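# Notes for the structure review
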Protein chains: 4
Amino acid sequence: MIAVLKKGTTQAQLDHLISWLRGQNLDVHISQGEEYTILGLIGSTGNVDMELLASLDIVESVKRVAEPYKQCSRQFHPNSTVITVGNAKIGGDHFCIIAGPCSVETEAQIIEVAQKVKAAGADLLRGGAFKPRTSPYDFQGLKDEGIALLLKAKKETGLPIVTEIMNANHLDLFADVDVIQVGARNMQNFDLLKELGKTNKPILLKRGLANTLKELLMSAEYIMSEGNQNIILCERGIRAFDTYSRNTLDLTAVPMLHELTHLPVIVDPSHATGMVRLVPPMALASAASGADGVMVEVHNDPMRALCDGAQSLKPEQFAVLARQMRTVREAIAP
Amino acid sequence: MIAVLKKGTTQAQLDHLISWLRGQNLDVHISQGEEYTILGLIGSTGNVDMELLASLDIVESVKRVAEPYKQCSRQFHPNSTVITVGNAKIGGDHFCIIAGPCSVETEAQIIEVAQKVKAAGADLLRGGAFKPRTSPYDFQGLKDEGIALLLKAKKETGLPIVTEIMNANHLDLFADVDVIQVGARNMQNFDLLKELGKTNKPILLKRGLANTLKELLMSAEYIMSEGNQNIILCERGIRAFDTYSRNTLDLTAVPMLHELTHLPVIVDPSHATGMVRLVPPMALASAASGADGVMVEVHNDPMRALCDGAQSLKPEQFAVLARQMRTVREAIAP
Amino acid sequence: MIAVLKKGTTQAQLDHLISWLRGQNLDVHISQGEEYTILGLIGSTGNVDMELLASLDIVESVKRVAEPYKQCSRQFHPNSTVITVGNAKIGGDHFCIIAGPCSVETEAQIIEVAQKVKAAGADLLRGGAFKPRTSPYDFQGLKDEGIALLLKAKKETGLPIVTEIMNANHLDLFADVDVIQVGARNMQNFDLLKELGKTNKPILLKRGLANTLKELLMSAEYIMSEGNQNIILCERGIRAFDTYSRNTLDLTAVPMLHELTHLPVIVDPSHATGMVRLVPPMALASAASGADGVMVEVHNDPMRALCDGAQSLKPEQFAVLARQMRTVREAIAP
Amino acid sequence: MIAVLKKGTTQAQLDHLISWLRGQNLDVHISQGEEYTILGLIGSTGNVDMELLASLDIVESVKRVAEPYKQCSRQFHPNSTVITVGNAKIGGDHFCIIAGPCSVETEAQIIEVAQKVKAAGADLLRGGAFKPRTSPYDFQGLKDEGIALLLKAKKETGLPIVTEIMNANHLDLFADVDVIQVGARNMQNFDLLKELGKTNKPILLKRGLANTLKELLMSAEYIMSEGNQNIILCERGIRAFDTYSRNTLDLTAVPMLHELTHLPVIVDPSHATGMVRLVPPMALASAASGADGVMVEVHNDPMRALCDGAQSLKPEQFAVLARQMRTVREAIAP
């Protein structure tokens, strides 16, 4: 950690600060410039309150040198993590397509969608059983019954399934689920993350609407610090000032996360844009940006969907898109 | 709900849409303008997927007329709610000061702070026992022991206490807590909100970093829809683009929330700004904006605080501030 | 325009409002719902102060039905505009690559870069002569001399040139420039836009850092309202909360602008990301999103560049990228 | 400037970098830590391309120690600047109220408003003659005629006047104007700033919607670097994600700017909120935050105003507010 002191800091103030820092078991290296004094702090700086230090009267600014995330950092683990789920591989040189309806509604619906997305080339089936909704008066999902229907669709098609958890008390219901999703609103529900860290299930962790990439990595670190290393990160749009689409897809996060971490990174253009018309161009852009996969909503009858019909492709639209995404990946292959 | 159709919509498309809307038990009123056709939808529009409707090819835009929140709306409850906690009143014509350390650390610390903030005029004592931290490697709070220490400080001083819950499974530990806080990161942890709705404890609900006022009200509605009407809203800064302070305090939320809801609204300038030097001016501004209260962090030894020392006032700074806030309130009294 | 009135509006208030609206030459259609009264306003609503109307005590909300931009709207001009500059075509089915250094520095530099980007497949040459810099103490460009050097490079290679204007008083210097760029900071410099509207030069109009797509279109409308229809829109990143890249590239703007307007839309991933490593993936994503072109910074010696070397590709990196972008375009061709 | 190098940097790479830095006339101090190497760069670091340095493969991050603004920094000029305009003083211990209509419309209108705001305690009169409007089809102001009417109102009341400039070519028209305003959209119109720097008129510089405090200070520096030291900074709302008010008033900017600069800082709650009902609470909050003044819109007949009637107070509302603001200032006086 580096601390830059203000001009005019007296020797007495400097001595006082250094003794306080040493009291926290830090080594302090002093570089005296013409205008500024710079302190290099060596030791367990993870325990230092950086904001407190920055708030002192004599401190101009503070900079952390080492990132506070370790297990998910590419520095400590240069090779890309590849997660295997059934026949699907996520990460490394693979490109994975996850598709399915926003919500599981009926057995007929989920099985029809599963069969069609499989035929079109999807690698995993997604479907919501527990639904986080902004309003308490909106449809909240079929819950345990929804998971049972997903498992039927898995049995029917062989596709591994992805579905969202909202409460660690429900973990038993997820015993046969292949990938457990943590939604954007729960990205910093730290108690939930810790419980998921005690399982060995692959976790699909969505970036929160207002969370930085570093915060996303710290949330992955919460899971990893409990032992579970199988994490898939997902960019799904952030909150910016324009309202023409539901959120602002921050696609640059893909190459940047690939630089910072060895974990796979996928994109969800359906939730990011909220509009069918915008999904195919942004799914193609995601493939071209180097994402390890794309998750798109597909519904056999979007006009009658109980949830998020606005952003669901029809199976035939999805089939065209899946083909185009594979072609784009070939186009950019090294 | 109002739907504006695009120019060039054919009669057949219009008929198809209307029959789909009527199939959802809606009455449809048609206004044919020279350029645009406008549909007024009457009935249980709460169940209509507004985004789906907006995404149809022939629909230009959709507008909800009635707000989806009901119980917290001032339209349905014109008088301001006043919440009584011990001797303190929050809401209406009262101005309430909540003060205390970020984290409970030791018995001596919490009792000293409690005594000093009480002497300076605080109405409630705050202190964190369960701490949501971005990093899994940071201090996570004293947990149940922290609550026990808060209860000792309450016994010693008579101040009612406010502390944060992170997990509904911990509710038993909060039996003697006066006000339960829901942190910004859990504002949309809907399962937690529902459990709190089943209690009759006052809930201090903090606005999420990227949440609109409407979303904050919908989260209050989650609690109220389960039966608990005792909610205090708290503005604590949002995430915008500038980084000079930790977050951007959105003080205009205070008069706007007072217009939209009957629930009390307080402000937390300590977490919003993250810097001691910025807390007093923003606390005074909060008082002047008409907030029903202010929550500020106070620590007997900020330089040694285990958490958020950067934003904690010393007791003597708090005493000056508390006096000034009361004077500002008198200055703006009608 | 639609105005929704609040519950509890009296007949006298309603009559007063209607007479005020009719005084502004508007027809008023009244729809009386059970809970709400809705007014449809017909006529020259462009002159109505929508915010004033919305601020009235009895008005719940106001919605504009017709967009205030006309000449750039696809509704009034369904076919995509194609702009021809030398041998290059921008818009329609064409994909255009613009490349060159941030700043023109020397004759040798600009000619070498021009030759290399031409060989690699660029359609236009970019280079800054007048440079808007955040600090008055930074290099401000070679100005008229820079334009003279660009014209030499054009003569040498046949590539049409794009360069930025900062002051309408300089227009004479741009007589032989092929495309005049308006930078993000000047997107709402309305006096400059009007002057450019009086020329017949193609204008490359960059989106401001905090401007909505509608505001971008209104700025295009400023130029078009003076007679100049040759406008190329450019997405170059917006300001959001994360700071890992210089700005947040809002790629979803590409398909959305294509829906709203007939004008061509290109992307500048160099300024958006600010880092060489992020430019190729985002340029490829831009191509895949359906953009009509991409503008990238290329410098023969980025380490010695006077400006924005951090985001400049070397010519050999650009050659690989240009090839990949063309392949991606073939992959997504219908 | 400090550069932190990545782990694994070889000696050869380090030598190469150091020689490149020394080639730019910098002294380089090397601190070798266990994990990281830190370079301290001494000399004219203002000329170093910080982003280029940060983009090098072996560089982890770069930090500027000295701020790039000098003349407006409080470090170099500890005493607060006080600007005198007629009988009014802006800065230091003074609290200044600027009031008037958004646009000058008629002689009767501007004189009536001027007389009323003077009677209510305003120190300066504001009024727009040149109006920047998002749409080219909106009222653009009375221009030179508007300035003539303002001068009549000044003669009638003795109030100094503030009005906005949009084009340096109009400077002659501003010869008798007391304070020239630069609007938010022109905050980075650097050519305009430089021209204003050559005058000795007080300049009221508004913060751009998406500009950081540092960028605001750099724009002040543009004016000061040409010789004009009379600058008043104005916070008028930034662009964040919520849309309930027109912009998000960032009031914390007031104490932060007071720390960074000696220039006076005022607030414009009318443009920030866009709604009459929100103006008084935010004007009072501005006064309580320590702002050196407040600028509010006042119109004798807001319902008929040609521009921004939605945010204009009536004179009698302003009179109450002016009184309350003065009382709040007394309440917080040391």
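Please read all numbers here as calculations on a predicted model, not as lab measurements. (Residues numbered from 1 in each chain as written. Chains lettered and ligands numbered in written order. Predicted model: local features only at pLDDT ≥ 70, side-chain atom pairs only at ≥ 80, totals over all residues. Heavy atoms only, no water.)

### Quick look at the overall build of chain A
Each helix and strand counted, chain A has ten helices and 14 strands in total. By principal-axis analysis of the C-alpha atoms, chain A measures approximately 75 × 45 × 40 Å. In chain A, which comprises 334 residues, the share counted as buried stands at 65%. In chain A, the share of contacts with a sequence separation of at least 24, taken over all contacts with a separation of at least 6, comes to 68%. (Helix = DSSP H or I, 4+ residues; strand = E, 2+ residues; numbered from the N terminus. Buried < 20%, exposed > 50% of the residue type's maximum accessible area, 1.4 Å probe, protein only. Contact = heavy atoms within 4.5 Å.)

### A look at the relation of the copies chain A and chain B
At an RMSD of 0.0 Å, chain A and chain B line up after a rotation of 180° and a shift of 0.0 Å along the axis. Here the symmetry operator amounts to a two-fold rotation axis. Identified as the residue of chain A closest to the rotation axis by C-alpha distance is Ala210 of chain A, at 2.7 Å. When you check the interface residues of chain A against chain B, 100% turn up at the interface there too, and the contact is symmetric in its surfaces. (Least-squares fit on C-alpha atoms with pLDDT ≥ 70 in both.)

### A closer look at the environment of Val104 of chain D
All names here are of chain D. With respect to the element layout, Val104 can be found in the loop between β7 (96-100) and α3 (107-119). Judged by its relative accessible area of 0%, Val104 falls in the buried class. Taking the C-alpha atoms as reference points, Val104 and Met224, separated by 120 residues in sequence, lie 30 Å from one another. Residues within four places of Val104 in sequence aside, it is in contact with Gln109, Ile110, Gly127, Gly128, Leu142, Gly146, Leu149 and Leu150.

### Structural notes on the interface of chain D and chain C
Interfaces are often described in size by the accessible area the parts lose on coming together. Facing the 47 residues of chain D at the interface are 48 residues of chain C. In total, chain D and chain C occlude about 4200 Å² of area from one another, counting both sides; carbon and sulfur atoms represent 49% of this. Looking only at chain D, the three residues that lose the most surface to chain C are Tyr137, Arg239 and Met303 of chain D, adding up to 14% of its buried area. In this structure, the connection of chain D to chain C is made through two salt bridges. Note that Arg239 of chain C is salt-bridged to Glu215 of chain D, the shortest N-O span being 2.7 Å. Counting every contact that joins chain D to chain C gives 19 residue pairs in polar contact (both at pLDDT 80 or more). Of all elements in the fold, only α2 (50-55), α5 (190-197) and α6 (213-224) of chain D reach the threshold of two or more residues within the side of chain D that touches chain C. For the side of chain D that touches chain C, the leading source of residues is α6 of chain D, giving four residues. (Buried area = accessible area lost by both parts, 1.4 Å probe. Salt bridge = Lys/Arg side-chain N within 4 Å of Asp/Glu carboxyl O. Polar contact = N/O pair within 3.5 Å; in protein donor to acceptor, adjacent residues only side chain to side chain.)

### A short note on the sheet that holds strand β9 (residues 161-165) of chain D
Each strand in a sheet pairs with its neighbour through backbone hydrogen bonds, running either in the same direction (parallel) or in the opposite one (antiparallel). Residues and elements named next belong to chain D. Ordered by their spatial adjacency, eight strands build a closed barrel running β7-β8-β9-β10-β11-β12-β13-β14, and the pairing between neighbours is parallel. Along the sheet, successive strands turn relative to each other by an average axial angle of 30°, direction set aside. The sheet contact formed by β9 and strand β10 (residues 179-182) spans four bridges and is parallel. Counterpart to Val162 in the pairing with β10 is Val179. Of the strands in this sheet, β9, β10 and β11 (203-206) touch α5, which is tilted by about 165° from β10. The strands touched by helix α7 (residues 253-260) are β12 (231-235) and β13 (265-267); relative to β13, the strand with the most contacts, the crossing angle is about 165°. (Pairing = 2+ DSSP bridges. Axes fitted to C-alpha atoms, helices over the stretch in contact; angles between N-to-C directions.)

### Structural notes on the relation of the copies chain D and chain C
Of the transformation placing chain D onto chain C, the axial shift is 0.0 Å and the rotation is 180°, giving an RMSD of 0.1 Å. In this assembly the copies share their binding face: 98% of the residues contributing to the interface of chain D also contribute to that of chain C.

### Concerning the domain arrangement of chain A
Annotation of chain A at the domain level lists domain 1 (2-63) and domain 2 (83-332). Relative placement of domain 1 of chain A and domain 2 of chain A: their C-alpha centres are 44 Å apart. (Domains from an automatic or database assignment.)

### Notes on the interface of chain A and chain B
Each side of the interface is counted separately: chain A has 48 residues, and chain B has 49 residues. On the chain A side of the interface with chain B, the three residues burying the most area are Tyr137, Arg239 and Met303 of chain A, jointly 15% of the side's total. Our count for the contact surface shared by chain A and chain B stands at two salt bridges. Our count for the chain A to chain B interface comes out at 19 residue pairs in polar contact (both at pLDDT 80 or more). Mapped by element, the contributors of at least two residues to the side of chain A that touches chain B are α2 (50-55), α5 (190-197) and α6 (213-224) of chain A.

### Some remarks on the environment of Asp123 of chain C
All names here are of chain C. In this structure, Asp123 sits in the loop between α3 (107-119) and β8 (124-126). Under the relative-accessibility criterion, Asp123 is labelled partly exposed at 23%. As for Asp123 and Ser225, which are separated by 102 residues in sequence, their C-alpha atoms are 29 Å apart. A polar contact of 3.2 Å, which involves the side chain of Asp123, links it to the side chain of Arg326.

### Quick word on unusual backbone geometry
A positive phi is found at Asn25 of chain A, a non-glycine position, where the angle reads about 65°. Within the element layout of this structure, Asn25 of chain A appears in the loop between α1 (11-22) and β2 (26-32).

### Quick notes on the pattern of salt bridges
Within the structure shown, the criterion is met by 48 salt bridges over all chains. When the shortest N-O distance is used, the salt bridge between Lys206 of chain B and Asp268 of chain B registers 2.7 Å. Of the two residues, Lys206 of chain B is situated in strand β11 (residues 203-206) and Asp268 of chain B in the loop between β13 (265-267) and α8 (269-273); the sequence distance between them amounts to 62 residues. Under the relative-accessibility criterion, Lys206 of chain B is labelled buried at 4%. The partner of Glu259 of chain D in a salt bridge is Arg277 of chain B, and the shortest N-O contact between them spans 2.8 Å. Of this pair, Glu259 of chain D sits in helix α7 while Arg277 of chain B sits in the loop between α8 and α9 (279-288), each in a different chain. Using a relative accessible area of 29% as the deciding quantity, one classes Glu259 of chain D as partly exposed. Taking the relative accessible area as the measure of exposure, Arg277 of chain B reaches 29% and is therefore partly exposed. Among the charged side chains, a network of salt bridges with common partners joins Arg207, Glu235 and Asp250 of chain A together with Asp242 of chain C.

### A look at α3 of chain D
Residues and elements named next belong to chain D. In this model α3 runs 18 Å from its N-terminal to its C-terminal C-alpha over 13 residues, within 8% of the 18 Å that 1.5 Å per residue would give. Of all the residues in α3, the buried ones are Gln109, Ile110, Ile111, Val113, Ala114 and Val117. Contact partners of the buried residues in α3: β7, β8 (124-126), α4 (144-157) and α10 (315-332). Positive phi appears at Gly121, one or two residues downstream of α3, with a value of about 110°. (Expected span 1.5 Å × (residues − 1).)

### Describing the sheet that holds strand β2 (residues 26-32) of chain C
Residues and elements named next belong to chain C. The strand order β2-β3-β1-β4 describes an open sheet built from four strands, whose pairing is antiparallel. Each edge of the open sheet is held by one strand with a lone partner, namely β2 and β4 (59-63). Between one strand axis and the next, the sheet turns through 20° on average, direction left out of account. Bridge count between strand β1 (residues 2-5) and β4: four bridges; the pairing is antiparallel. Looking across to β4, one finds that Val4 is bridged to Ser61. Against the sheet, helix α1 (residues 11-22) engages β1, β2, β3 (37-43) and β4, with an angle of about 150° to β2.

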